[in-house]
Amino acid sequence: MSALESLPMAKALNAGLRKAMQDDPKVILMGEDIGPLGGVFRVTEGLQADFGENRVMDTPLAESGIVGTAIGLAMRGYRPVCEIQFDGFVFPAFDQITSQLAKLTNRHEGGISMPVVIRIPYGGHIGAVEHHQESPEAYFAHTPGLRVVSPSTPHDAYWMIQDAISSDDPVIFLEPKSRYWPKGEVDFAVRGRTLHSTAVARVGTEVTLLGHGAMVAVLLQAADLAAEEGTSVEVLDLRSLSPIDYGPILESVRKTGRLVIAQEAPGAVSVGSEIAATVAERAFYSLESPVLRVSGFDTPFPPAKLETIYLPDADRVLEAVDRALAY
Amino acid sequence: MSYTEATLQLLSPAGALVESDATAEYLPIVEKLSDDELREFHRVMALTRAFDVEGTNLQRQGQIGIWVPSLGQEAAQVGSGFAMRPQDHIFPSYREHAVGIIRGIDVIDIVRLFRGLTHGGWTPSEHGNFHIYTMVLGSQTLHATGYAMGITLDGKAGTGHPETDEAVITYFGDGSTSQGDVNEALVFAASYQTPELFFLQNNQWAISVPVSKQSRTPLYLRAGGFGIPSVQVDGNDVLISYAASRKYLEEARAGGGPRFIEALTYRMGAHTSSDDPTKYRTDAETAHWAALDPISRFETYLRSRGEGDDFFAEVRTEAADFAEDIRRRTLELGVPPVGAMFDNVYSEPHPLIEEEKQWLAQYEAAYASPEASE
Ligand SMILES: Cc1ncc(C[n+]2csc(CCOP(=O)(O)OP(=O)(O)O)c2C)c(N)n1
Ligand SMILES: [Mg+2]
C-alpha cells in the first residue's frame, strides 16, 4: 500500500476498521447486515470473509441488543464496534447508550472503562424515506460520558475510526453518509490531527464558517462562491462534537470577528447553539456581529422531495454570511 | 427454512386441496367462501403483483426513490386481509400492499410515500382502518396492542356480536421478532388479553440475515411462551392464510385474547430496490421458492374448480390497466409546496415553527426573483 491513495470514505473506513482489527485481536464488529452483505453502505465489505464470523457478527435485528451486549463484551475485555444501520434506528438503543454505556465508568467509580464505538451513518442528501436522513448528534453530545466525533474526509475517516476504537471511552462515530462515495486523498503513513481537534479546512480573513460532517463540503463550496465576490472566508471542520476543541474556533473568530455555524440538524438546542453560546462568552469583544446559525428547520426531516429545501446549502450559508458582514 | 409437519396447509404446492386431521377445523371456513370471493382472492393477488412489478420499473426509471416489494407474499396478505371485518384495524409494517388494496387505499399513496412526497399517505379512518406504514421495525406492534387495549376498555370486543365487535391485526417480519418492541407488545397483549392477531410474515430474510440468526425455534412457538395461542401456516397458500386468520380473529374478537400466526412465505424479490440479494442467497433457494409461487398455485386450484381462461385473461387485462394507471398517475405527481414541511408538526400553533416557516417563505421569494421583493 503506497502511503497516499485516493479513496471514497466508505473504503477509507473499511481500511481503518481492518487496520484496527489487525492491530488488536479484541476489536470486534457487530451490526445488522455487516457480514456477507458488508453493511448497507458496504463499509464492512470483505471483513467477515477475512476475520471470520466471531469478529464480524451479523447480529439479530435489535439495536438495544447490539449496544447492550457490546457493553457486556467490553466488560469482558473486548472492544466492540457497533454499526447502527441508519441514524433513525439508533433510538431503540438509546436507553443502553445514554443510561448505561455513557454512565458505567462513572457508576463504577472509574473501576471499568467502556471502549465501545457506535458507528452511525447520518445526515441527508440521499433522498431516502423517513428515519434515514437524520442528524441526531445533539442527543449524544448532550450526554455526559459519551464522546462524539464526525469525520468529513476519507483521510480523517481512516484515522479517526482507529482513534475512536483505541479510546477507552465510548465514542459515537457519526459517518456523513452523503460523503461515503466522493473520493479524497488518504495518507496511510501520516496521521495528522488527534481525534478531538478542530481543523482549519480553508484559511480566510473576513468570516469564519464552522461545520461538521457533510456540511464541511457545503461550507467549502460557499467559501469558493464568496471568494468570487471578493469575500475571504475561513472554514473550520469541527470533527469533534464532544469534547469541542475551542482553541482553533476562538483563534479564528478573534481574527475574523464573525462566525456562522452550519449544521443539518434542527437548530433548537443543537451543537451549534452550544458553540454560539460559548463563543459569545469567551470572545465577546472580538465579535463584529452576532454568531449566526444556519440549521435544518425545527421540523421532522421532511419527505425526500423537500430535502434540498430543508438542508442548508451554500446559498443559505452565504445569506448568513451577508447578514454577518452587514453588521 | 421450509415447511414442517406443523405447517398448516389447505392447498398443496401443486394446487390441490389437502385434507388432514390438522386442517379439519379450517376446511369448513374455506368452504363457506363463494366462487366470487375466491375469484376476488386471485384478482387482488394479481393486482398486487402488477403493482409491485410496476413499482420496481418506476424505481429503475428514477420515478420512485425506493421500492419495497411484497412480491411472493401475496397469499399471506390476501388471505389475512380478507379475513378481517370492516370494523377491524390494521397496523402494517411497510410491505403490506395487498392488505392496503383490500382495505381500499389508493395505491398511488404508497407510491407517494416511496417517491418522497409524504411520510404517511392516507388517513386510516377513511381507508378501511388501514394504518400508515411504519419504518422503525416492530413499533407498530405496540401501537396495535394499545389500540386493542382501548377496544377492550370501550367494551367493544367479546360482547357476542361479531358483526360489530372489533379486532386488531398487526403485521411484522421475521427480523422484527428480535426487537424489544415486538416482545413487549406480546407481553402487553397477553397481560390485557387484547382482541388482537399478531400476523408474522416469515419471508425467511431480514435484508441479508436469514431467520436462523433471529431464532433457534420456529417463531410461532415463541408465542406460547407469552401465553398466546399460535399456529404456523403455509403463507403461500391463500386458503389456509384466510382460514387461520379468520378463525383467530374471530376468537380474539369474541374475547378470547390475543392470537399469533406465523405465515411461512418468501420475499421473492430484493429487500428493496437498493438491495442486491445475490450477495447473500443462492439461486437454488430462489428457485425452490419460485416453485411455491402463491399465485400460480391458487390459479391451478381455481382452474381445477372449473374457472376458465376468460376469467384469468380478464384479470390479466385489469392488472395491466391497473399498472398503466399507476404509471400515468406517478408521472403526474407534483412536488409538495415547500411550506408543507412546517405543517402538522404540532396540532396547535408553535411560535418557532411559525417563525421558520415565514423566514423560509421570505427567503424563497427573495431568492426566486430579487425584483419581486422590492
Ligand atoms: C429499528 C430498525 N432497525 C433497522 C431497520 C433497517 N431495516 C429495514 S427493513 C430491515 C429488515 C427487516 O426484516 P423483517 O422484519 O424480516 O421484515 P421484511 O423486510 O423481511 O419484511 C432492516 C434491518 C429498521 N427499519 N428499523
Ligand atoms: Mg423478513
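Residues numbered from 1 in each chain as written. Chains lettered and ligands numbered in written order. Predicted model: local features only at pLDDT ≥ 70, side-chain atom pairs only at ≥ 80, totals over all residues. Heavy atoms only, no water.

### With respect to the sheet that holds strand E3 (residues 56-58) of chain A
Residue and element names in this part refer to chain A.
Reasoning step 1: Pairing in this open sheet of seven strands is mixed, and the strands run E3-E2-E4-E5-E7-E6-E12 from one edge to the other. For this open sheet the edge positions go to E3 and strand E12 (240-242), each flanked by a neighbour on one side alone. Mean inter-strand twist for the sheet, computed between neighbouring axes without regard to direction, equals 20 degrees.
Reasoning step 2: For strand E2 (residues 27-31) and strand E4 (residues 79-83), the ladder comprises five bridges, and the chain directions are parallel. Bridge assignment links Val27 to a residue of E4, and that residue is Arg79.
Reasoning step 3: Packed onto the sheet, helix H1 (residues 9-23) meets E2, E3, E4, strand E5 (117-122) and strand E7 (171-176) and runs at close to 135 degrees relative to E2.
Reasoning step 4: In this fold helix H7 (residues 154-166) packs onto E2, E4, E5, strand E6 (147-149) and E7, with an angle of close to 165 degrees to the strand it touches most, E7. (Pairing = 2+ DSSP bridges. Helix = DSSP H or I, 4+ residues; strand = E, 2+ residues; numbered from the N terminus. Axes fitted to C-alpha atoms, helices over the stretch in contact; angles between N-to-C directions. Contact = heavy atoms within 4.5 Å.)

### Here's the deal with the site of ligand 1
Reasoning step 1: In the region of ligand 1, 20 residues are neighbours, and Glu63(A), Tyr94(B), Arg95(B), Met135(B) and Ser176(B) sit closest.
Reasoning step 2: Looking at what sits near ligand 1, you find residues from chains A and B.
Reasoning step 3: Take Tyr94(B): an N or O atom from its side chain is 2.6 Å from an oxygen atom of ligand 1.
Reasoning step 4: Between an oxygen atom of ligand 1 and a side-chain N or O atom of Asp174(B), the distance comes to 3.0 Å. (Near = heavy atom within 4 Å. Polar contact = N/O pair within 3.5 Å; in protein donor to acceptor, adjacent residues only side chain to side chain.)

### A look at the coordination of the magnesium ion (ligand 2)
Residue and element names in this part refer to chain B.
Reasoning step 1: Here the magnesium ion (ligand 2) is held by Asp174 (OD), Asn203 (OD1) and Trp205 (O), and the distances to it run 2.1 to 2.2 Å.
Reasoning step 2: Along the chain, the residues donating to the magnesium ion (ligand 2) fall in the pattern D-x28-N-x1-W. Taken together, the residues span a long stretch of sequence, with Asp174 in the loop between strand E2 (168-173) and helix H7 (180-192) and Trp205 in strand E4 (residues 205-206) at a distance of 31 residues. Comparing Asp174 with Trp205 shows no difference in burial state: the two are buried. (Donors = N, O, S within 2.8 Å, 3.2 Å for Na, K, Ca; no water. Buried < 20%, exposed > 50% of the residue type's maximum accessible area, 1.4 Å probe, protein only.)

### Quick word on the domain arrangement of chain A
Residue and element names in this part refer to chain A.
Reasoning step 1: By domain assignment, chain A separates into domain 1 (7-187) and domain 2 (199-326).
Reasoning step 2: Placing the centre of domain 1 and that of domain 2 at their C-alpha centroids yields a distance of 26 Å.
Reasoning step 3: Taken together, the contact between domain 1 and domain 2 spans 26 residues of the former and 20 residues of the latter.
Reasoning step 4: Carbon and sulfur atoms supply 55% of the area that domain 1 and domain 2 bury against each other, a total of about 1,800 Å² over both sides.
Reasoning step 5: On the domain 1 side of the interface with domain 2, the three residues burying the most area are His125, Glu137 and Ser152, jointly 25% of the side's total.
Reasoning step 6: The closest approach of N and O atoms between Asp156 and Arg239, which form a salt bridge, is 2.7 Å.
Reasoning step 7: Taken together, the links from domain 1 to domain 2 amount to twelve residue pairs in polar contact (both at pLDDT 80 or more).
Reasoning step 8: For the side of domain 1 that touches domain 2, the per-class residue count stands at twelve nonpolar, nine polar and five charged. (Domains from an automatic or database assignment. Buried area = accessible area lost by both parts, 1.4 Å probe. Salt bridge = Lys/Arg side-chain N within 4 Å of Asp/Glu carboxyl O. Nonpolar A, V, L, I, M, F, W, Y, C, P; charged D, E, K, R; others polar.)

### A look at the environment of Phe188(A)
Residue and element names in this part refer to chain A.
Reasoning step 1: Along the polypeptide, Phe188 turns up in the loop between strand E8 (183-187) and strand E9 (199-202).
Reasoning step 2: For Phe188, a relative accessible area of 12% gives the class buried.
Reasoning step 3: Residues Phe188 and Ala12 lie 176 residues apart in sequence; the distance between their C-alpha atoms is 9.6 Å.

### Comments concerning the sheet that holds E9(A)
Residues and elements named next belong to chain A.
Reasoning step 1: Pairing is mixed in the open sheet, where five strands are placed in the order E9-E11-E10-E13-E14. With one partner strand each, in any of the chains shown, E9 and strand E14 (292-296) form the two edges of the open sheet. Taking each pair of neighbouring strands and ignoring which way they run, the sheet shows an average axis angle of 25 degrees.
Reasoning step 2: Strand direction decides the pairing type here: strand E13 (residues 259-266) and E14, joined by four bridges, are parallel. The residue bridging Pro266 from the neighbouring strand is Gly296, located in E14.

### Notes on the nonpolar core
Reasoning step 1: Ranked by internal contacts, the top residues of the largest apolar core, which has 68 residues, are Phe41(B), Ile110(B), Phe114(B), Tyr133(B), Leu239(B) and Phe298(B).
Reasoning step 2: Per element, the largest residue contribution to this core is eight residues, and it comes from helix H10 (residues 238-256) of chain B.
Reasoning step 3: When near neighbours in sequence (up to four residues on either side) are disregarded, Phe298(B) contacts Leu11(B), Leu38(B), Phe41(B), His42(B), Met45(B), Val238(B) and Leu239(B).
Reasoning step 4: Counting residues in hydrophobic clusters, the runner-up holds 42 residues, among them Leu146(A), Leu210(A), Leu238(A) and Leu250(A). (Core = buried A, V, L, I, M, F, W, Y, C linked by side-chain atoms within 4.5 Å.)

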